[in-house]
Amino acid sequence: MTKQQGRAARTRAVLVEAAAAHFDREGYEGTSLAKVCGTAGISLGALTFHFPTKGELADAVMDEGRALTQAALLQVSARPGPALHKVVELTLELTRLLEEETPVRCAVRLSRERPGAEGWPEVWLPVVKQLVDQAHAEGQLRGGAGPAEVTVLVQYLTAGAEAFLRSRPGAGAAARSGVAQLESVWRLALAGVGMSEEAGPASETGWSSGGGRAAAIPLSGEAGEGSSEAGPAIRS
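The text that follows walks through the structure, step by step, so that each part is easy to find. (Residues numbered from 1 in each chain as written. Predicted model: local features only at pLDDT ≥ 70, side-chain atom pairs only at ≥ 80, totals over all residues. Heavy atoms only, no water.)

### Points about the overall build of the chain
- Across its full length, the chain holds 9 helices and 0 strands.
- Secondary structure elements of the chain occur, N-terminal to C-terminal, as α-α-α-α-α-α-α-α-α.
- When each of the 236 residues of the chain is scored for burial, the buried share is 44%.
- Residue pairs at least 24 apart in sequence account for 63% of intrachain contacts in the chain once pairs closer than 6 positions are excluded.
- If you sum the accessible surface of the chain, you get close to 12,100 Å²; carbon and sulfur atoms cover 54% of it. (Helix = DSSP H or I, 4+ residues; strand = E, 2+ residues; numbered from the N terminus. Buried < 20%, exposed > 50% of the residue type's maximum accessible area, 1.4 Å probe, protein only. Contact = heavy atoms within 4.5 Å. Areas by Shrake-Rupley, 256 points an atom, 1.4 Å probe, with all protein chains shown as cover.)

Here is the structure:
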């Protein structure tokens, strides 16, 4: 890469970051190129050289959000462990992205505000469906919890996490994170979804039975047999 190309890449990155901040706060209609220029400290002529229209600038922000999401999908999918465990981990990772990555929040908001734009769920939903189908085939779902219902549950939980993060007041040190909230919700949901090692009613820390027998599925980094890595544990 030449010096000129490097400067151009840095300018584009600064513009995308500034635009993401405005799109996230003010939406598509409320964001102007002049505002983006003021935040980025770059002239309007330089901006329109890289992004001739606001639509193209929004496309670049959404592309960044989708790229971050796709990277998270690959990371979670590559982890060892049962498929249902990966579904839980994926929703927690998506929530973390929504909480920490402005371009990801923009990808969600702009997909709603711009007719014809690819929806953010279209990036991750195929992976969720594949994992849920695998979990069902391997006996990790209890009776009555079909793949379609579990997939809808994931969609509702993810949409709810995004709505929670959008609506909550300023996050101070004492504020509970969206990921922590979703972990609590998953504990409740899994009591009616996951298969336990032994048939019987759900305990406080165990899994509910579903009339079948399957290996207990570890949650959020509780390493299962043969697992070589673990994330933060979900604890009651």
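### Here we look at the side chain of T158
- Mapping T158 onto the fold places it in helix α8 (residues 147-167).
- Take T158: its relative accessible area is 3%, and that puts it in the buried class.
- When neighbours within four sequence positions are excluded, T158 is seen to be in contact with T91, L94, L98, W120 and W124.

### Quick look at the nonpolar core
- Ranked by size, the top nonpolar core spans 35 residues in total, and within it L90, W120, W124, V128 and W186 carry the most contacts.
- Mapped by element, the contributors of at least two residues to this core are α4 (54-77), α5 (83-100), α6 (102-113), α7 (121-137), α8 and α9 (178-190).
- When residues of this core are assigned to their parent elements, the largest contribution, 9 residues, is made by α5.
- A20, Y28, V61 and M62 belong to the second largest nonpolar core, which has 21 residues in total. (Core = buried A, V, L, I, M, F, W, Y, C linked by side-chain atoms within 4.5 Å.)

### As for the side chain of E162
- The topology assignment puts E162 in helix α8.
- Leaving out residues up to four positions away in the same chain, E162 has contacts with L98, V108 and R112.

### A closer look at the packing of α4 against α7
- In contact at an axis separation of 9 Å, α4 and α7 are set at 15 degrees when each is read in the N-to-C sense. The angle between the axes of α4 and α7 places the two elements in the roughly parallel class. For the pair α4 and α7, the sense of crossing is right-handed. Residue-level inspection shows R66, T69, Q70, L73 and S77 of α4 in contact with α7, the latter providing V123, W124 and V127.
- Tallied by class, the residues present in the contact of α4 with α7 amount to 4 nonpolar, 3 polar and 1 charged. (Axes fitted to C-alpha atoms, helices over the stretch in contact; angles between N-to-C directions. Parallel < 35°, antiparallel > 145°, perpendicular 65-115°, else oblique. Left-handed = near helix turned anticlockwise from the far one by under 90°. Nonpolar A, V, L, I, M, F, W, Y, C, P; charged D, E, K, R; others polar.)

### Thoughts on the pattern of salt bridges
- Scanning the model with the defined rule gives 13 salt bridges in all.
- Note that E26 and R25 form a salt bridge whose closest N and O atoms lie 3.8 Å from each other.
- Taking the shortest distance from any N to any O, the salt bridge between E162 and R166 comes out at 3.3 Å. Of the two residues, E162 and R166 both sit in helix α8, 4 residues apart, roughly one turn of that helix.
- Overall, R166 belongs to the partly exposed group, its relative accessible area being 33%. (Salt bridge = Lys/Arg side-chain N within 4 Å of Asp/Glu carboxyl O.)

### Brief notes about the packing of aromatic side chains
- Counted under the stated rule, the structure contains 2 aromatic pairs.
- Pairing F23 with Y28 gives two aromatic rings, centres 5.9 Å apart and planes at 15 degrees, and the pair type is stacked. Comparing F23 with Y28 shows no difference in burial state: the two are buried.
- Look at W120 and W124: their rings are 5.7 Å apart centre to centre, the planes differ by 70 degrees, and that puts the pair in the edge-to-face class.
- One residue, K54, lies across the ring of Y28, its end atom 4.4 Å from the ring centre. (Phe/Tyr/Trp six-rings, centres within 6.5 Å; stacked < 30°, edge-to-face > 60°. Lys NZ or Arg CZ within 6 Å of the ring centre and 35° of its normal.)

### A few points about helix α1 (residues 3-30)
- Compared with an ideal rise of 1.5 Å per residue, which puts 28 residues at 40 Å, α1 spans 35 Å between its outermost C-alpha atoms and falls more than 12% short.
- Within α1, the axis deviates most sharply at D24, by approximately 85 degrees.
- Listed in full, the buried residues belonging to α1 are G6, L15, V16, A18, A19, A20, H22, F23, D24, G27 and Y28.
- Structurally, α1 contributes buried residues whose contacts are with α2 (33-40), α3 (44-50), α4, α6 and α8. (Expected span 1.5 Å × (residues − 1). Bend = angle between axes of the 7 residues up to and from the residue.)

### Observations regarding the packing of α1 against α4
- In contact at an axis separation of 9 Å, α1 and α4 are set at 105 degrees when each is read in the N-to-C sense. The angle between α1 and α4 places the two elements in the roughly perpendicular class. Across the interface between the two elements, L15, V16, A19, A20, F23, Y28 and E29 from α1 touch K54, G55, L57, A58, A60 and V61 from α4.
- When grouped by side-chain class, the residues that make up the contact of α1 with α4 number 10 nonpolar, 1 polar and 2 charged.

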